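# Breakdown of the fold
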Amino acid sequence: MKRSIVASPAAWLVWGAVIIFFIGLAGVIGSVVVNSFGVRWFDSWLPEEYTTGWYGQAWDEFTLLPVLTVTLIVCLLVAGISVLVGVPAAYVLARRSFPGSRALYLLFLLPILMPPITYGIPLATVLYKYGLAGHLSGVVLANLVPSIPFVILTMTPFIEQIDPAVERAARMCGARTRHVFTRILAPLLIPGILASCILVVVRTVGMFELTFLTAGPDSQTLVVALFYSMSAAGIRAQQSVDAMAVIYSLMMLTLLVLALRFVNPTQLVARVKEDQY
Amino acid sequence: MTAATVAVRHRLADRGVDRQMLLLVPATVFVVALFIYPFAYGIAVSLQPAEGGVLAAYQAFFADAYQRDTIVTTLMIALPAAVLNVAASVPIAYRMRGRFRGKRVVTTILVVPITLGTVLTAEGLLNFLGPAGWLNRFLMTTGLTDAPVRLTNNYWGVFLSLVITGFPFAFLLVLSYLSGIDPSLERAAATLGAGWRQRFFRITLPLLAPGLATTFCLTFVLAFSVFPSAILVGDPTGSTRVISIAAYEAAYVRYDYAGASAAAIIMGAVELAVIAVVLGLRGLLYTGSTAGGKG
Amino acid sequence: MTRFDRLRLDGVTRRFGDADALSDLTLEIQRGEFIALLGPSGCGKSTALNCLAGLLPLTAGSIWRDEIRLDTLPPERRGFGMVFQNYALFPHMSVQKNVSFGLQMHGVNRTEARRRTTDAIRLVHLEEHATKLPGQLSGGQQQRVAIARAVVIEPSLVLMDEPLSNLDAKLRLEMRTEIRRLHQSLGLTTVYVTHDQEEALSLSDRLVVLRDGRVQQIGTPEEVHTRPANRHVADFMGYRNLLPGSFASGKINILGVRVTGTPVGHLPDGTPAVAAIRPEDVSLDGDLEATVDVVEYQGREFTVEARTADGLVLHLRTGRRLAVGDPVKIGFPADRLLIFPGGPS
Amino acid sequence: MTRFDRLRLDGVTRRFGDADALSDLTLEIQRGEFIALLGPSGCGKSTALNCLAGLLPLTAGSIWRDEIRLDTLPPERRGFGMVFQNYALFPHMSVQKNVSFGLQMHGVNRTEARRRTTDAIRLVHLEEHATKLPGQLSGGQQQRVAIARAVVIEPSLVLMDEPLSNLDAKLRLEMRTEIRRLHQSLGLTTVYVTHDQEEALSLSDRLVVLRDGRVQQIGTPEEVHTRPANRHVADFMGYRNLLPGSFASGKINILGVRVTGTPVGHLPDGTPAVAAIRPEDVSLDGDLEATVDVVEYQGREFTVEARTADGLVLHLRTGRRLAVGDPVKIGFPADRLLIFPGGPS
Amino acid sequence: PPESGGGATGTDGPVPEKPGKAVTLNVLDVAGNLQLTQGMIDEFVSKNGDVIEKVTYTKATAPELVGKIKAQQDANRVDIDLVLTGVDGLAAGIDQGLWLPLLPTHANRLTGMAAYLPGAEAMQKLAGDNGVTITYYPSGPLIEYLPKNVPNPPKTAQELLDYAKANPGAVQYARPSNSGPGRTFLMGLPYLLGDSDPKDPENGWDKTWQFLKELDAQITLYPSSTSETMKNLANGSAKIILTTTGWDINPRVLGTVPKEAKIGTLEGFHWVTDAHYAVVPKGVSTDKQAAVLSLLTSMLTPEQQAKAYDKGYFFPGPAIKDVPLTMAPQDSQQAINEYGRPEYADLIANNPLEVPLDAKALVAAFDRWDREVGGSKVKK
Ligand SMILES: Nc1ncnc2c1ncn2[C@@H]1O[C@H](COP(=O)(O)OP(=O)(O)OP(=O)(O)O)[C@@H](O)[C@H]1O
Ligand SMILES: Nc1ncnc2c1ncn2[C@@H]1O[C@H](COP(=O)(O)OP(=O)(O)OP(=O)(O)O)[C@@H](O)[C@H]1O
Ligand SMILES: [Mg+2]
Ligand SMILES: [Mg+2]
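Notes on the structure follow. Note that the structure is a prediction, hence the values are computed from the model and not measured.

### Regarding the site of ligand 2
Taken together, 20 residues are adjacent to ligand 2, and C:Ser138, C:Gly140, D:Lys45, D:Ser46 and D:Thr47 come closest. At 2.7 Å, a backbone N or O of D:Lys45 approaches an oxygen atom of ligand 2. Between D:Gln85 and ligand 2, the recorded distance is 2.8 Å, taken from a side-chain N or O atom to an oxygen atom. In isolation ligand 2 offers 640 Å² of accessible surface; the protein chains occlude 90% of this area. Broken down by secondary-structure element, the contributors of at least two residues to the shell around ligand 2 are helix H4 (139–151) of chain C together with helix H1 (45–53) of chain D.

### A short note on the pairing of strand S8 (residues 189–193) of chain D
The side chains of a regular strand alternate between both faces of the sheet. Residues and elements named next belong to chain D. Within S8, 5 of the 5 residues are buried, which leaves it mostly tucked inside the rest of the structure. Here S8 shows a buried face lined by Thr-189, Val-191 and Val-193 and a second buried face lined by Thr-190 and Tyr-192. Pairing geometry for strand S3 (residues 34–38) and S8, over 4 bridges, is parallel. Of the residues in S8, the one forming a bridge with Ala-36 is Tyr-192. Pairing geometry for strand S7 (residues 157–161) and S8, over 5 bridges, is parallel. When the bridges of S8 are listed, Leu-157 appears paired with Thr-189. Remark: the S7/helix H5 (residues 169–185)/S8 crossover connection has right-handed handedness.

### Things to note about the packing of helix H12 (residues 243–253) of chain B against helix H13 (residues 257–284) of chain B
Residue and element names in this part refer to chain B. Packing of H12 against H13 brings their axes to within 7 Å, and their N-to-C directions diverge by 160°. By the angle class used here, H12 and H13 are roughly antiparallel. Both H12 and H13 take part in a crossing whose hand is left-handed. Every residue of H13 that contacts H12 at Ile-243, Ser-244, Ala-247, Ala-250 and Ala-251 is listed here: Tyr-257, Gly-259, Ala-260, Ala-263, Ala-264, Ile-266 and Met-267. Of the residues that constitute the contact of H12 with H13, the class distribution is 10 nonpolar, 2 polar and no charged.

### Digging into the pairing of strand S15 (residues 272–277) of chain C
Residues and elements named next belong to chain C. Counted residue by residue, S15 has 5 buried out of 6 residues, so it is predominantly covered. Bridge count for strand S11 (residues 241–248) against S15 is 6 bridges, and the pairing is antiparallel. Bridging from a neighbouring strand, Ser-246 pairs with Pro-272 of S15. Direction of pairing for S15 relative to strand S20 (residues 338–341): antiparallel, over a ladder of 4 bridges. Paired with Ala-275 across the bridge in S20 is Ile-339.

### A closer look at the site of ligand 1
In the neighbourhood of ligand 1, 19 residues make up the surrounding shell, with C:Lys45, C:Ser46, C:Thr47, D:Ser138 and D:Gly140 lying closest. Mapping the residues adjacent to ligand 1 onto the chains of the assembly identifies chains C and D. Taking D:Gln136, its main chain carries an N or O atom lying 3.2 Å from a nitrogen atom of ligand 1. A total of 640 Å² of accessible area belongs to ligand 1 in isolation, and the protein chains cover 87% of it. Of all elements in the fold, only helix H1 (45–53) of chain C together with helix H4 (139–151) of chain D reach the threshold of two or more residues within the shell around ligand 1. Along the lines of polarity and charge, the residues of the shell around ligand 1 split into 4 nonpolar, 12 polar and 3 charged.

What counts as what
Position numbers for residues count from 1 along each chain, tracking the sequence in the order it is written. The order in which chains are written sets their letters, starting at A; the order in which ligands are written sets their numbers, starting at 1. For this predicted model, a pLDDT threshold of at least 70 governs which residues receive local features, and a threshold of 80 or more governs which side-chain atom pairs are given and counted, while totals over whole chains, interfaces and linings are taken from all residues. Excluded from the side-chain calculations are hydrogens and water; all other atoms, namely the structure's heavy atoms, are used. We call a residue near a molecule or strand when any one of its heavy atoms sits within 4 Å of it. We call two N or O atoms a polar contact when they sit within 3.5 Å, provided that within protein one can donate a hydrogen and the other can accept it, with sequence-adjacent residues counted only if both atoms are side-chain atoms. Accessible areas in this description were obtained via Shrake-Rupley with a 1.4 Å probe; residue shielding takes into account the shown protein chains only. A run of H or I in DSSP counts as a helix once it spans at least four residues, and a run of E counts as a strand once it spans at least two, with each numbered from the N terminus. Note on classification: 1.4 Å probe, protein chains only; a residue is buried when its accessible area is under 20% of the maximum for its type, exposed when over 50%, partly exposed between these limits. Pairing between strands requires that DSSP locate at least two bridges from one strand to the other. We call a crossover right-handed when, viewed with the strands running away from us, the connection from the first strand over the helix to the second turns clockwise. Lines fitted to C-alpha atoms define the axes, with helix axes restricted to the stretch in contact, and inter-axis angles between N-to-C directions lie between 0 and 180 degrees. In this scheme, roughly parallel covers angles under 35 degrees and roughly antiparallel covers those over 145, while 65 to 115 is roughly perpendicular and the rest are oblique. Definitions for this section: a left-handed crossing has its near helix turned counterclockwise from the far helix by less than a right angle. A right-handed crossing has that turn clockwise. In what follows, a contact means two residues having at least one pair of non-hydrogen atoms within 4.5 Å. Classes in brief: Ala, Val, Leu, Ile, Met, Phe, Trp, Tyr, Cys and Pro nonpolar; Asp, Glu, Lys and Arg charged; the others, Gly included, polar.

All quantities given are derived from atomic positions and should not be read as evidence of function.
Shown next as structure tokens:
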């Protein structure tokens with residue numbers, strides 16, 4: 001369908017809202033970025049001087065390099081494992097309605113709903129008991145608890161959308177379940193997997209409590225450092241907190257841009273069909 | 001004909017039970033092992049308050065208006081934010097579904113806030129919308145207002161931070177769900193005389209609805225468990241005293257783990273109630289392949 | 001590929017809700033046979049194929065390959081190939097990838113796979129479109145991809161669900177020949193669903209005629225064509241003239257005219273009966289008077305609808321150029337007219 | 001409904017990438033006409049319909065309804081109905097809702113809409129399935145829903161893309177009659193894509209034969225059938241025997257045998273030419289000797305492939321029961337044999 | 001017996017003079033104390049490689065600390081060997097029985113404790129046998145303002161209230177439970193106003209609550225962190241904020257508050273002191289305990305304590321007597337000479353010192369403040 005140049009009022013409204021959102025976003029990000037480079041920003045539009053010192057300070061104070069590395073590893077592991085475990089489960093829940101499927105669905109909802117306060121400490125105890133906490137594996141395992149259900153919940157509608165005939169065709173070509181997943185479903189679910197990975201990563205990186213409870217001295221993630229710098233006792237220059245927040249966002253942004261660079265959030269099929277128009 | 005014996009397998013398969021259910025095993029084992037036990041422990045803790053009977057922690061929560069009201073406060077923040085996030089992402093995603101120049105960039109920018117994290121968002125809101133922030137500076141230099149507009153350290157601060165972090169989330173999901181709908185269905189509707197409004201409301205929206213329900217649930221959960229921003233940009237003693245603050249204070253300020261668990265479980269229960277309603281409605285919707293026929 | 005001597009369907013039944021889409025299908029298929037499933041739309045043909053393929057669980061019955069019970073095996077372990085009525089192409093794979101997918105799944109080595117893929121694509125004349133995605137193909141092209149994808153793995157049993165429905169006559173004929181050729185040269189066993197009787201008659205060794213999920217007749221094409229088992233089969237097989245009447249002493253009385261024919265089935269005197277004859281068998285040199293009502297051009301012949309004074313409508317085909325209103329004298333060759341028991345069935 | 005007198009397609013072209021799926025289609029359609037688009041798979045028929053419906057933007061050309069330029073209007077403002085080749089049924093609506101959707105969009109009042117929906121569903125024999133979702137229907141049933149959905153709104157122009165391809169012969173015949181009846185009784189204009197020549201011939205007022213996106217011939221069914229404009233059309237229209245040779249003084253020399261026929265097009269002496277004749281026109285009482293190679297049963301007739309000593313393969317149809325290896329003597333009736341210019345085209 | 005982080009020996013029994021072999025020490029800081037003490041620790045490690053091989057630092061917030069240590073202790077795998085905490089974390093741990101009593105068993109090794117300043121000694125009492133005070137400062141409450149905005153700063157509590165009434169929104173302090181200066185103000189008010197029992201917020205703070213509610217009427221917002229109030233002071237949207245010595249000097253060093261900002265005191269104020277403690281969780285191996293004890297001993301020497309001057313972060317900082325600024329590192333001296341205030345010496349010497357509320361009472365005070373002061377803006 002042709003897009004006319006003269007947009008309808010509805011389109012104006014939508015694009016207007018988008019532009020307001022962009023302006024707000026630019027303001028929010030801009031003010032933090034400016035502040036993170038600023039020296040003595042009192043009652044004025046812009047700081048009196050600029051420096052990159054706050055970054056160096058944040059970098060050193062929190063030994064950010066290892067922290068970033070750990071964060072990255074944790075994110076990738078958590079996202080990867082939750083997709084590997086969550087998607088097959090979501091598949092079954094989307095495709096079959098067996099006795100008890102609703103109850104199971106509810107079971108998978110609980111870890112998302114229940115605040116970590118209710119299970120964090122006992123979970124950490126369990127993990128410590130089996131020697132799984134205190135290092136990376138603890139952080140990963142603990143973060144998987146809400147992440148796997150999260151993937152299940154997001155992926156279910158995506159899987160429902162896929163025509164089961166395609167899977168059947170694959171089976172008739174001799175594809176085992178494994179192949180059906182890797183060769184047929186995975187490519188078709190790419191936008192969904194991307195979306196849920198991004199969300200899982202964001203949640204993982206933001207999951208302060210579970211991470212802190214199960215992390216060891218060298219498996220702290222960025223969010224622990226950041227949360228600390230934001231809410232711990234003691235005096236810190238706001239600029240250095242902002243610098244950390246900017247570093248954090250930059251890392252996430254890099255991941256996001258990379259992800260969006262390689263994966264299009266539009267389903268390939270729709271893309272082919274849209275191509276004609 | 002020989003007796004038509006039917007394998008148990010077929011009966012089970014007919015009821016949705018077959019070997020593929022094995023795919024559920026890893027996730028189930030995981031959740032049972034790492035969640036159910038600790039969570040049961042958490043429930044047990046909530047039932048063992050330092051003083052009083054088994055339900056004393058719950059009674060205490062509901063008896064104290066200051067605590068009880070956090071439920072309503074939280075709902076008043078989370079529901080509108082979730083509704084707005086979902087409702088705003090639908091038209092935007094709908095506009096973005098075709099192909100146009102710069103789509104990737106616009107998509108990326110719309111999703112960017114997801115990377116900001118609560119801290120940057122909070123800092124940004126405080127800096128940008130604060131009494132001496134750029135917005136108020138702009139409004140006052142242009143003479144649009146005399147006194148600074150208060151948008152932080154109150155309900156609006158929290159609400160805005162939930163929109164900033166929640167919208168991209170909803171948008172990303174909705175955009176992807178939307179792209180799973182066969183575009184030829186809308187075309188078919190167009191040949192039947194349906195304008196965009198009707199195409200949207202009669203074809204796209206119903207097919208999108210299951211995805212929207214899920215998106216709503218997730219954004220709602222995120223909004224409901226809002227914690228750092230309720231403190232950082234909100235008014236944590238008053239209008240944005242959300243239930244997670246109540247739980248947090250019980251656990252980490254008063255070290256009353258029973259009370260904290262009770263508050264958290266009440267929080268989960270309220271969420272569950274809302275989500276059960278939404279998912280129940282979702283169950284009534286058409287949820288299936290969105291392809292329209294052959295090919 | 002798993003070879004077999006005999007495939008046996010034993011009381012295969014499939015119910016949706018409380019409607020039987022397929023009931024009690026019992027059939028034995030020999031290796032190398034070409035079986036066609038025929039029947040009106042919605043009669044359960046696709047259901048039968050899906051059951052055979054293992055894509056639908058059975059409500060009752062069982063399927064055996066030689067002495068192995070097959071119906072409990074998952075589809076991918078049965079080693080069958082299938083052309084789906086709705087194609088079900090992999091939307092994210094090019095034509096080439098769609099076709100080679102099955103080969104990869106069967107662990108065929110690369111060079112061999114490439115060769116067979118190319119051959120299969122050439123077979124269905126899609127060389128030029130090999131790198132397109134299914135969404136970029138025309139309907140008929142998609143259907144051909146589906147055919148190539150199913151046959152390329154040279155399965156022991158190929159199930160084809162109306163594989164030629166979206167192809168033009170010329171291509172259909174060509175594909176039909178190819179399918180038959182493959183069937184023979186590879187020694188495949190084929191179960192073929194079609195709504196095209198000509199296709200069914202010319203391709204298959206045996207026909208299975210279904211109606212409302214039940215088998216009506218199983219027989220060679222000639223049997224089914226010339227000796228339909230009941231009036232439904234006759235109706236379906238192109239006996240367009242179904243004239244109700246009553247049977248008496250070897251003849252059927254249709255609105256007062258007594259006609260000789262070949263009785264089929266149990267026909268006591270005086271019972272209601274139905275006379276069946278194909279339009280092309282109706283002759284124009286009989287003595288039943290009628291007037292031409294409708295004439296349709298059909299290439300070399302004309303399809304004519306004629307009406308007797310009593311209001312009896314007759315369909316006939318003729319090379320003679322008739323015009324609406326022309327009087328004709330209609331006759332029924334006794335060896336072409338079948339008489340079936342009438343009444344409700 | 002927007003009535004019109006004349007619909008004009010003017011150089012309509014549609015390109016995908018750098019391949020023309022449809023080039024330069026110019027056609028004038030009168031109100032009430034029944035136009036069939038015919039052509040091999042992938043020749044651009046669906047593309048033409050999509051362009052006409054407004055679902056595909058044109059690469060070049062324009063479409064006019066009387067004096068109104070149509071190709072800039074969105075599909076919903078054109079008031080056409082369409083049966084999609086892939087059905088495109090709304091998966092979340094029952095059969096009933098699918099059918100009544102268009103009526104609601106056109107603001108037809110409730111009782112009227114209910115009545116018309118019921119009628120349309122009855123027309124396609126889906127009364128029993130009215131409350132099912134498309135996913136619960138058989139292929140043919142889905143196709144019938146698509147037909148009902150398109151015709152129920154009684155559009156000024158109906159576009160049908162192979163609407164009967166998945167129906168059995170009997171039903172197809174019935175539906176064909178219904179479509180024709182609707183066309184006439186409602187005074188619709190119809191553009192109909194089909195791969196079934198018989199259908200095209202019997203239904204349409206005019207045929208448009210496409211090949212590789214280009215119009216080959218536009219004419220009445222009889223014209224196209226008996227006087228194909230070139231050898232491609234002939235090939236497509238069932239002239240299965242295309243025998244290359246060279247033309248000289250009104251005759252064509254095929255491997256030394258000189259045959260008389262009807263020359264079509266510009267044919268200077270000595271140029272390469274192609275003789276075309278349908279299998280059913282080949283006679284068995286000529287004098288070209290050949291041996292039967294393949295025999296296929298086709299109901300009452302047999303399709304036979306015979307081979308001359310020179311290796312020339314001939315297709316013929318006969319009622320005579322021949323066996324493989326039988327010698328036959330083949331003749332070509334001069335009035336049935338067409339001679340086209342040969343060589344590359 | 002479970003293994004702990006890398007320690008070789010058991011968790012109870014006699015603590016050796018020196019660990020069997022050099023240990024790795026995991027230090028958790030929940031008070032921002034490393035800012036002051038990391039230099040001390042690093043120096044010790046560099047000089048005593050045979051005792052401590054390596055130190056890892058982790059920072060966290062106090063409240064979550066308890067949960068983590070509990071989880072580790074329940075599983076018998078404690079991998080945090082030394083916790084640096086403020087009063088809040090210390091008290092929470094005592095309440096939950098998390099800390100290993102270092103005293104009086106090892107009092108003889110911790111010789112530096114004998115030289116505590118009087119204020120530090122009072123603070124050490126709060127720790128009982130469970131922790132060792134390592135840094136100390138008198139804190140506040142102080143008021144801070146920009147002279148150009150507030151030419152005549154209030155001198156008494158009443159004047160502060162009057163000023164607030166005259167300038168609605170101009171006085172600001174952060175929510176006490178999120179802010180050190182906020183809680184110092186809260187705890188200091190009963191002394192300023194002469195309440196009946198400054199240690200009993202429930203029953204003895206009538207005047208304080210009255211005052212806070214009156215002040216509340218003039219306050220538009222309570223930021224969630226002290227930094228917020230500092231920023232607002234700097235950008236002019238707040239005219240008077242509450243502060244402490246550290247929060248006065250350090251932010252000006254950092255440039256978040258204009259250098260020209262001034263502090264003031266309210267007549268009759270008492271210092272409400274603050275300190276940081278070192279504690280060892282139960283379950284740490286005796287080898288590591290030995291290492292911690294050696295470390296603490298070294299940290300309580302004047303040379304090391306001088307590092308606590310930092311850049312006014314916890315001004316003055318040292319917990320023991322006779323640590324003049326001149327012993328501090330060069331940049332520390334420079335910063336304090338430039339941004340410090342001469343009047344502090346006098347103010348510290350001539351105003352009474354009070355220990356803060358104990359944890360229970362403080363929590364009760366926070367709760368009451370939340371409900372009646374901060375939360376009063378919402379109609380119930
Ligand atoms: N999922 C379903 N739920 C309910 N009924 C169904 C379902 N699938 C098929 N049916 C019904 O079962 C019957 C047989 O369907 P089937 O697809 O086997 O027909 P078919 O013989 O292949 O017809 P066609 O030639 O039209 O493809 C049809 O009446 C159909 O409506
Ligand atoms: N999106 C596309 N991208 C590239 N090529 C396309 C696309 N859509 C169609 N084509 C090509 O355009 C040509 C015409 O397609 P069209 O669908 O019009 O064929 P058709 O005549 O309807 O054939 P059929 O009878 O097989 O349905 C085909 O060769 C097809 O491969
Ligand atoms: Mg079917
Ligand atoms: Mg087509």
